[in-house]
Amino acid sequence: MKVLVTGGLGFIGSHTVVELQNEGYQVVIIDNLSNSSLDVLKGIVAITGKTPIFEKLDLKDKAQVQAFFKQHQDLKGVIHFAASKAVGESVEKPLLYYENNINTLVYVLQELEKLTISNFIFSSSCTVYAQADVMPITEEAPIKMAESPYGNTKQIGEEIIQDTCNVNAKIQAIALRYFNPIGAHESAIIGELPIGVPQNLIPYIMQTASGIREQLSVFGDDYPTIDGTCVRDYIHVVDVAKAHVIALQRLLNNKNTTNFEVFNLGTGTGSSVLEVIQAFEKVANQKLNYKIVNRRSGDVVSAYADTTKANEVLGWKAQYNLEDAILSSWQWQKSLNAV
Ligand code: WQD
(Lines give C-alpha, C1' and ligand atoms only; values in the text may rest on other atoms or scores of the structure.)
Protein backbone atom coordinates (compact mmCIF):
# COMPACT_ATOMS: atom_id res chain seq x y z
CA MET A 1 0.00 0.00 0.00
CA LYS A 2 1.51 3.31 -1.17
CA VAL A 3 1.61 6.29 1.18
CA LEU A 4 2.92 9.80 0.56
CA VAL A 5 4.90 11.54 3.31
CA THR A 6 5.50 15.23 2.58
CA GLY A 7 8.46 16.63 4.51
CA GLY A 8 9.51 13.01 4.90
CA LEU A 9 13.18 13.84 5.40
CA GLY A 10 12.46 16.16 8.32
CA PHE A 11 12.75 15.31 12.03
CA ILE A 12 9.31 13.78 12.64
CA GLY A 13 8.77 12.88 8.98
CA SER A 14 11.86 10.68 8.77
CA HIS A 15 11.00 8.81 11.96
CA THR A 16 7.47 8.28 10.62
CA VAL A 17 8.82 6.90 7.32
CA VAL A 18 10.80 4.32 9.32
CA GLU A 19 7.70 3.23 11.23
CA LEU A 20 5.60 3.08 8.03
CA GLN A 21 8.22 0.88 6.37
CA ASN A 22 8.36 -1.31 9.47
CA GLU A 23 4.60 -1.84 9.00
CA GLY A 24 5.09 -2.83 5.34
CA TYR A 25 3.91 0.35 3.62
CA GLN A 26 5.50 1.51 0.36
CA VAL A 27 6.54 5.10 1.09
CA VAL A 28 6.87 8.03 -1.31
CA ILE A 29 8.71 11.03 0.17
CA ILE A 30 8.39 14.59 -1.08
CA ASP A 31 10.90 17.02 0.41
CA ASN A 32 12.43 20.26 -0.90
CA LEU A 33 15.52 19.76 1.30
CA SER A 34 15.15 23.30 2.69
CA ASN A 35 15.47 21.95 6.24
CA SER A 36 16.96 18.50 5.71
CA SER A 37 19.47 16.56 3.63
CA LEU A 38 19.75 13.42 1.51
CA ASP A 39 21.84 11.91 4.32
CA VAL A 40 18.54 11.40 6.13
CA LEU A 41 17.29 9.28 3.22
CA LYS A 42 20.44 7.17 3.48
CA GLY A 43 19.80 6.87 7.22
CA ILE A 44 16.26 5.61 6.70
CA VAL A 45 17.52 2.94 4.27
CA ALA A 46 20.29 1.97 6.71
CA ILE A 47 17.71 1.42 9.45
CA THR A 48 14.99 -0.42 7.51
CA GLY A 49 16.85 -1.82 4.49
CA LYS A 50 14.02 -0.44 2.34
CA THR A 51 14.38 2.46 -0.09
CA PRO A 52 11.48 4.91 -0.25
CA ILE A 53 10.64 6.63 -3.53
CA PHE A 54 12.04 10.15 -3.16
CA GLU A 55 10.97 13.23 -5.14
CA LYS A 56 12.77 16.53 -4.50
CA LEU A 57 9.87 18.88 -5.01
CA ASP A 58 8.67 22.20 -3.62
CA LEU A 59 5.00 22.02 -2.73
CA LYS A 60 4.75 25.79 -3.22
CA ASP A 61 4.93 25.05 -6.98
CA LYS A 62 1.35 24.11 -7.83
CA ALA A 63 2.28 22.73 -11.26
CA GLN A 64 4.87 20.42 -9.67
CA VAL A 65 2.29 19.20 -7.17
CA GLN A 66 -0.22 18.49 -9.95
CA ALA A 67 2.39 16.65 -12.01
CA PHE A 68 3.40 14.56 -9.01
CA PHE A 69 -0.13 13.39 -8.25
CA LYS A 70 -0.71 12.54 -11.92
CA GLN A 71 2.17 10.05 -11.52
CA HIS A 72 0.86 8.63 -8.25
CA GLN A 73 -2.87 8.05 -8.64
CA ASP A 74 -2.54 4.87 -6.53
CA LEU A 75 -1.74 6.64 -3.26
CA LYS A 76 -3.82 5.31 -0.35
CA GLY A 77 -2.89 8.01 2.13
CA VAL A 78 -0.99 11.24 2.65
CA ILE A 79 0.84 12.29 5.83
CA HIS A 80 1.57 16.00 5.53
CA PHE A 81 4.56 17.26 7.52
CA ALA A 82 5.99 19.74 5.00
CA ALA A 83 5.93 23.18 6.66
CA SER A 84 8.16 25.74 8.32
CA LYS A 85 8.10 25.38 12.10
CA ALA A 86 10.26 27.97 13.86
CA VAL A 87 8.03 30.16 16.04
CA GLY A 88 10.55 33.02 16.29
CA GLU A 89 11.28 33.05 12.55
CA SER A 90 7.54 33.10 11.81
CA VAL A 91 7.22 36.37 13.74
CA GLU A 92 9.99 37.93 11.61
CA LYS A 93 8.83 36.45 8.28
CA PRO A 94 5.04 35.91 8.47
CA LEU A 95 4.41 35.86 4.70
CA LEU A 96 7.04 33.12 4.23
CA TYR A 97 5.12 31.05 6.78
CA TYR A 98 1.67 31.73 5.29
CA GLU A 99 2.92 30.88 1.80
CA ASN A 100 4.88 27.79 2.85
CA ASN A 101 2.44 26.37 5.36
CA ILE A 102 -0.94 27.30 3.85
CA ASN A 103 -0.52 27.38 0.05
CA THR A 104 1.16 23.97 0.10
CA LEU A 105 -1.66 22.47 2.18
CA VAL A 106 -4.25 23.84 -0.25
CA TYR A 107 -2.41 22.44 -3.30
CA VAL A 108 -2.14 18.97 -1.75
CA LEU A 109 -5.80 18.95 -0.72
CA GLN A 110 -6.84 20.04 -4.22
CA GLU A 111 -5.09 16.95 -5.60
CA LEU A 112 -6.67 14.70 -2.97
CA GLU A 113 -10.10 15.78 -4.24
CA LYS A 114 -9.21 14.07 -7.54
CA LEU A 115 -8.12 10.77 -5.98
CA THR A 116 -10.61 7.98 -5.36
CA ILE A 117 -9.38 7.31 -1.82
CA SER A 118 -8.12 10.19 0.32
CA ASN A 119 -6.85 9.55 3.82
CA PHE A 120 -5.07 12.60 5.16
CA ILE A 121 -3.00 12.96 8.33
CA PHE A 122 -2.07 16.53 9.28
CA SER A 123 0.91 17.57 11.37
CA SER A 124 -0.60 19.99 13.86
CA SER A 125 0.64 21.37 17.15
CA CYS A 126 -0.21 22.19 20.74
CA THR A 127 0.55 25.78 19.75
CA VAL A 128 -3.06 25.97 18.53
CA TYR A 129 -4.05 26.19 22.23
CA ALA A 130 -1.69 29.11 22.96
CA GLN A 131 -1.77 29.43 26.79
CA ALA A 132 -4.59 27.06 27.76
CA ASP A 133 -6.45 27.95 30.95
CA VAL A 134 -6.65 24.39 32.30
CA MET A 135 -3.94 21.73 32.62
CA PRO A 136 -3.73 19.05 31.33
CA ILE A 137 -4.99 20.28 27.94
CA THR A 138 -7.79 18.33 26.25
CA GLU A 139 -8.75 18.50 22.57
CA GLU A 140 -11.83 20.44 23.65
CA ALA A 141 -9.74 23.28 25.08
CA PRO A 142 -10.68 26.53 23.33
CA ILE A 143 -8.56 27.54 20.36
CA LYS A 144 -7.25 30.96 21.37
CA MET A 145 -5.70 33.75 19.35
CA ALA A 146 -2.43 32.31 18.05
CA GLU A 147 0.70 33.73 19.67
CA SER A 148 2.72 33.48 16.45
CA PRO A 149 2.17 33.26 12.69
CA TYR A 150 3.43 29.67 12.93
CA GLY A 151 0.73 28.75 15.44
CA ASN A 152 -1.80 30.62 13.28
CA THR A 153 -0.87 28.52 10.24
CA LYS A 154 -1.69 25.38 12.24
CA GLN A 155 -5.03 26.81 13.37
CA ILE A 156 -5.89 27.91 9.81
CA GLY A 157 -4.67 24.58 8.46
CA GLU A 158 -7.08 22.67 10.66
CA GLU A 159 -9.94 24.94 9.57
CA ILE A 160 -9.07 24.43 5.87
CA ILE A 161 -9.10 20.66 6.36
CA GLN A 162 -12.42 20.71 8.24
CA ASP A 163 -14.04 22.85 5.52
CA THR A 164 -12.64 20.55 2.81
CA CYS A 165 -13.83 17.37 4.52
CA ASN A 166 -17.28 18.90 4.96
CA VAL A 167 -17.77 19.07 1.19
CA ASN A 168 -15.73 16.04 0.13
CA ALA A 169 -17.00 12.79 1.63
CA LYS A 170 -14.03 11.03 0.04
CA ILE A 171 -11.53 12.97 2.14
CA GLN A 172 -11.17 11.63 5.68
CA ALA A 173 -8.64 13.40 7.91
CA ILE A 174 -6.95 13.32 11.29
CA ALA A 175 -4.92 16.15 12.83
CA LEU A 176 -2.29 15.20 15.39
CA ARG A 177 -1.44 18.01 17.81
CA TYR A 178 2.12 17.34 18.97
CA PHE A 179 3.37 18.72 22.23
CA ASN A 180 7.20 18.89 22.34
CA PRO A 181 8.74 16.14 20.20
CA ILE A 182 12.31 15.28 21.25
CA GLY A 183 14.70 12.33 21.05
CA ALA A 184 15.97 10.20 18.20
CA HIS A 185 15.74 6.70 16.76
CA GLU A 186 17.47 4.09 18.97
CA SER A 187 19.96 3.40 16.17
CA ALA A 188 21.28 7.00 16.48
CA ILE A 189 21.32 7.02 12.65
CA ILE A 190 18.54 9.63 12.35
CA GLY A 191 17.52 12.40 14.73
CA GLU A 192 16.93 16.14 15.00
CA LEU A 193 19.15 18.24 12.68
CA PRO A 194 18.73 21.86 13.77
CA ILE A 195 20.22 24.27 11.23
CA GLY A 196 22.28 27.08 12.80
CA VAL A 197 21.76 28.03 16.45
CA PRO A 198 19.10 25.71 17.90
CA GLN A 199 15.86 27.44 18.89
CA ASN A 200 14.56 24.51 20.94
CA LEU A 201 15.64 23.42 24.40
CA ILE A 202 16.81 19.84 23.81
CA PRO A 203 19.12 20.45 20.84
CA TYR A 204 20.59 23.44 22.67
CA ILE A 205 21.27 21.31 25.74
CA MET A 206 22.90 18.63 23.58
CA GLN A 207 25.13 21.14 21.77
CA THR A 208 26.10 22.80 25.06
CA ALA A 209 26.98 19.44 26.63
CA SER A 210 29.07 18.66 23.52
CA GLY A 211 30.99 21.92 23.76
CA ILE A 212 29.49 23.26 20.52
CA ARG A 213 27.67 25.98 22.53
CA GLU A 214 29.23 27.72 25.50
CA GLN A 215 26.28 27.83 27.88
CA LEU A 216 22.52 27.23 27.89
CA SER A 217 20.39 30.27 28.68
CA VAL A 218 17.29 29.37 30.65
CA PHE A 219 14.61 31.83 29.59
CA GLY A 220 13.18 32.92 32.92
CA ASP A 221 12.72 31.35 36.33
CA ASP A 222 9.98 33.66 37.62
CA TYR A 223 6.96 31.87 36.16
CA PRO A 224 4.18 30.54 38.42
CA THR A 225 5.41 26.92 38.16
CA ILE A 226 7.02 24.32 40.42
CA ASP A 227 10.47 25.94 40.14
CA GLY A 228 9.75 29.12 38.19
CA THR A 229 10.70 27.73 34.77
CA CYS A 230 8.24 26.89 31.98
CA VAL A 231 6.57 23.49 31.85
CA ARG A 232 6.21 21.42 28.67
CA ASP A 233 5.21 17.88 27.65
CA TYR A 234 8.32 16.37 26.06
CA ILE A 235 7.38 13.36 23.94
CA HIS A 236 9.70 10.88 22.22
CA VAL A 237 9.71 11.35 18.45
CA VAL A 238 9.32 7.59 17.90
CA ASP A 239 6.12 7.63 19.96
CA VAL A 240 4.93 10.51 17.77
CA ALA A 241 5.90 8.61 14.61
CA LYS A 242 4.04 5.48 15.69
CA ALA A 243 0.93 7.56 16.34
CA HIS A 244 0.92 8.59 12.66
CA VAL A 245 0.88 4.97 11.51
CA ILE A 246 -1.94 4.17 13.92
CA ALA A 247 -3.90 7.23 12.76
CA LEU A 248 -3.45 6.25 9.09
CA GLN A 249 -4.60 2.70 9.81
CA ARG A 250 -7.66 4.12 11.60
CA LEU A 251 -8.66 5.91 8.38
CA LEU A 252 -7.73 3.03 6.07
CA ASN A 253 -9.93 0.73 8.17
CA ASN A 254 -12.75 3.31 8.30
CA LYS A 255 -12.67 3.35 12.12
CA ASN A 256 -12.92 7.14 12.33
CA THR A 257 -16.26 8.41 13.68
CA THR A 258 -16.22 11.81 11.98
CA ASN A 259 -14.61 13.03 8.74
CA PHE A 260 -12.04 15.10 10.66
CA GLU A 261 -10.70 13.95 14.02
CA VAL A 262 -8.15 15.66 16.27
CA PHE A 263 -5.83 14.03 18.84
CA ASN A 264 -3.25 15.42 21.28
CA LEU A 265 0.09 13.63 21.21
CA GLY A 266 1.86 13.96 24.54
CA THR A 267 2.99 11.89 27.51
CA GLY A 268 0.53 13.61 29.84
CA THR A 269 3.42 14.65 32.09
CA GLY A 270 4.68 18.22 32.36
CA SER A 271 8.39 18.87 32.96
CA SER A 272 10.00 22.21 33.80
CA VAL A 273 13.16 23.42 32.09
CA LEU A 274 15.17 22.81 35.27
CA GLU A 275 13.70 19.30 35.57
CA VAL A 276 14.81 18.63 31.98
CA ILE A 277 18.32 19.85 32.82
CA GLN A 278 18.40 17.63 35.90
CA ALA A 279 17.21 14.66 33.84
CA PHE A 280 19.96 15.31 31.29
CA GLU A 281 22.66 15.56 34.00
CA LYS A 282 21.45 12.23 35.42
CA VAL A 283 21.28 10.46 32.07
CA ALA A 284 24.60 11.83 30.74
CA ASN A 285 26.30 11.76 34.14
CA GLN A 286 27.69 15.24 33.55
CA LYS A 287 26.85 18.77 34.71
CA LEU A 288 25.36 21.21 32.25
CA ASN A 289 26.61 24.78 32.02
CA TYR A 290 23.57 27.08 32.17
CA LYS A 291 22.43 30.43 33.46
CA ILE A 292 19.06 32.01 34.11
CA VAL A 293 18.27 34.95 31.82
CA ASN A 294 15.16 36.97 31.00
CA ARG A 295 11.98 35.40 29.72
CA ARG A 296 11.63 34.70 25.96
CA SER A 297 8.68 36.57 24.49
CA GLY A 298 5.89 34.34 23.23
CA ASP A 299 6.57 31.50 25.68
CA VAL A 300 3.52 30.03 27.35
CA VAL A 301 3.93 29.22 31.06
CA SER A 302 2.73 25.65 30.90
CA ALA A 303 1.50 23.14 28.28
CA TYR A 304 1.03 19.43 28.81
CA ALA A 305 -1.48 17.04 27.30
CA ASP A 306 -4.54 15.22 28.50
CA THR A 307 -3.89 11.97 26.61
CA THR A 308 -7.22 10.26 27.35
CA LYS A 309 -8.65 10.63 23.83
CA ALA A 310 -5.48 9.38 22.10
CA ASN A 311 -5.21 6.49 24.56
CA GLU A 312 -8.86 5.39 24.48
CA VAL A 313 -10.08 6.37 21.00
CA LEU A 314 -6.94 6.28 18.84
CA GLY A 315 -5.53 3.35 20.82
CA TRP A 316 -2.11 4.95 21.17
CA LYS A 317 -0.04 5.65 24.30
CA ALA A 318 3.47 7.04 24.68
CA GLN A 319 5.87 4.26 25.61
CA TYR A 320 8.95 6.34 26.42
CA ASN A 321 9.44 8.72 29.35
CA LEU A 322 11.49 11.93 29.57
CA GLU A 323 14.76 10.22 30.51
CA ASP A 324 14.41 7.69 27.66
CA ALA A 325 13.91 10.52 25.19
CA ILE A 326 16.79 12.59 26.54
CA LEU A 327 19.12 9.58 26.47
CA SER A 328 18.22 8.95 22.81
CA SER A 329 18.92 12.62 22.01
CA TRP A 330 22.28 12.39 23.76
CA GLN A 331 23.23 9.20 21.88
CA TRP A 332 22.25 10.92 18.62
CA GLN A 333 24.30 14.01 19.49
CA LYS A 334 27.34 11.85 20.27
CA SER A 335 26.95 10.12 16.91
CA LEU A 336 26.85 13.56 15.22
CA ASN A 337 29.94 14.63 17.14
CA ALA A 338 31.74 11.50 15.97
CA VAL A 339 31.23 12.35 12.28
C1 WQD B 1 10.80 24.78 25.55
C2 WQD B 1 11.10 25.51 26.84
C3 WQD B 1 11.72 27.81 26.55
C4 WQD B 1 15.49 27.10 24.50
C5 WQD B 1 8.29 24.15 20.38
C6 WQD B 1 8.05 24.63 19.01
C7 WQD B 1 6.57 24.61 18.72
C8 WQD B 1 6.01 23.24 19.00
C9 WQD B 1 6.35 22.76 20.39
C10 WQD B 1 5.86 22.09 16.91
C11 WQD B 1 10.53 26.92 26.86
C12 WQD B 1 12.88 26.99 27.14
C13 WQD B 1 14.27 26.90 25.13
C14 WQD B 1 16.58 27.65 25.21
C15 WQD B 1 15.20 27.76 27.17
N16 WQD B 1 6.50 22.31 18.05
N17 WQD B 1 14.15 27.22 26.44
N18 WQD B 1 16.40 27.95 26.54
O19 WQD B 1 8.75 26.86 22.59
O20 WQD B 1 7.66 24.89 23.79
O21 WQD B 1 7.70 25.01 21.32
O22 WQD B 1 7.78 22.86 20.53
O23 WQD B 1 4.79 22.41 16.59
O24 WQD B 1 6.42 24.95 17.39
O25 WQD B 1 8.54 25.93 18.95
O26 WQD B 1 9.83 24.58 22.63
O27 WQD B 1 12.14 23.83 23.02
O28 WQD B 1 11.77 26.19 22.13
O29 WQD B 1 11.17 25.65 24.48
O30 WQD B 1 15.06 28.05 28.37
O31 WQD B 1 17.70 27.86 24.69
O32 WQD B 1 12.51 25.64 26.97
O33 WQD B 1 11.64 29.07 27.19
O34 WQD B 1 10.12 27.20 28.19
P35 WQD B 1 8.46 25.42 22.66
P36 WQD B 1 11.32 25.07 23.00
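The structure displayed is predicted, hence computed values, not measured ones. (Residues numbered from 1 in each chain as written. Predicted model: local features only at pLDDT ≥ 70, side-chain atom pairs only at ≥ 80, totals over all residues. Heavy atoms only, no water.)

K.L.:
What should I look at first to understand the site of the ligand in this one?
P.N.:
For the ligand, the set of nearby residues contains 20 residues, the closest of which are Tyr150, Leu201, Ser217, Arg232 and Asp299. Here Asn180 contributes a side-chain N or O atom positioned 3.0 Å from an oxygen atom of the ligand. At 2.7 Å, a side-chain N or O of Arg232 approaches an oxygen atom of the ligand. In isolation the ligand exposes 690 Å². Once the protein is present, 90% of that is buried. Here the shell around the ligand gets four residues from one element, more than from any other, and that element is strand β8 (residues 216–219). The residues that make up the shell around the ligand include at least three from each of domain 1 (2–179 + 236–265) and domain 2 (201–231 + 268–338). (Near = heavy atom within 4 Å. Polar contact = N/O pair within 3.5 Å; in protein donor to acceptor, adjacent residues only side chain to side chain. Areas by Shrake-Rupley, 256 points an atom, 1.4 Å probe, with all protein chains shown as cover. Helix = DSSP H or I, 4+ residues; strand = E, 2+ residues; numbered from the N terminus. Domains from an automatic or database assignment.)

K.L.:
I'm lost on the pattern of salt bridges in this one. Help?
P.N.:
For side chains bearing opposite charge, pairing can occur when the charged atoms are close. A full pass over the atoms with the stated rule returns 13 salt bridges. Here Asp133 ties to Lys144 by a salt bridge, and the two come within 2.7 Å at their closest N and O atoms. Here Asp133, found in the loop between β5 (118–125) and α6 (149–167), pairs with Lys144, found in the loop between β5 and α6; they are 11 residues apart in sequence, far enough to count as distant. Overall, the relative accessible area of 65% leaves Asp133 in the exposed class. Linking Glu323 and Lys282 is a salt bridge whose minimum nitrogen-to-oxygen distance equals 3.0 Å. Remark: Lys282 occurs in helix α9 (residues 273–284) and Glu323 occurs in helix α11 (residues 322–338); sequence separation between them is 41 residues. Owing to a relative accessible area of 30%, Glu323 belongs among the partly exposed residues under this scheme. Connected via shared salt-bridge partners are Arg232, Arg296 and Asp299. (Salt bridge = Lys/Arg side-chain N within 4 Å of Asp/Glu carboxyl O. Buried < 20%, exposed > 50% of the residue type's maximum accessible area, 1.4 Å probe, protein only.)

K.L.:
Looking at this structure, I do not really get the domain arrangement of the chain. What am I missing?
P.N.:
You'll often see interface size given as the accessible area lost when the parts meet. Under the domain assignment used here, the chain contains domain 1 (2–179 + 236–265) and domain 2 (201–231 + 268–338). For domain 1 and domain 2, the distance between their C-alpha centres works out to 24 Å. Counting residues at the interface gives 22 residues for domain 1, matched by 21 residues for domain 2. In this assembly, domain 1 packs against domain 2 so that about 1,900 Å² is buried in total across both faces, 64% of it on carbon and sulfur atoms. Summed over the three residues of domain 1 that lose the most area to domain 2, namely His236, Asp239 and Phe263, the buried surface amounts to 29% of that side. Counting every contact that joins domain 1 to domain 2 gives zero salt bridges. Where domain 1 meets domain 2, there are 10 residue pairs in polar contact (both at pLDDT 80 or more). For the side of domain 1 that touches domain 2, the leading source of residues is helix α8 (residues 237–252), giving seven residues. (Contact = heavy atoms within 4.5 Å. Buried area = accessible area lost by both parts, 1.4 Å probe.)

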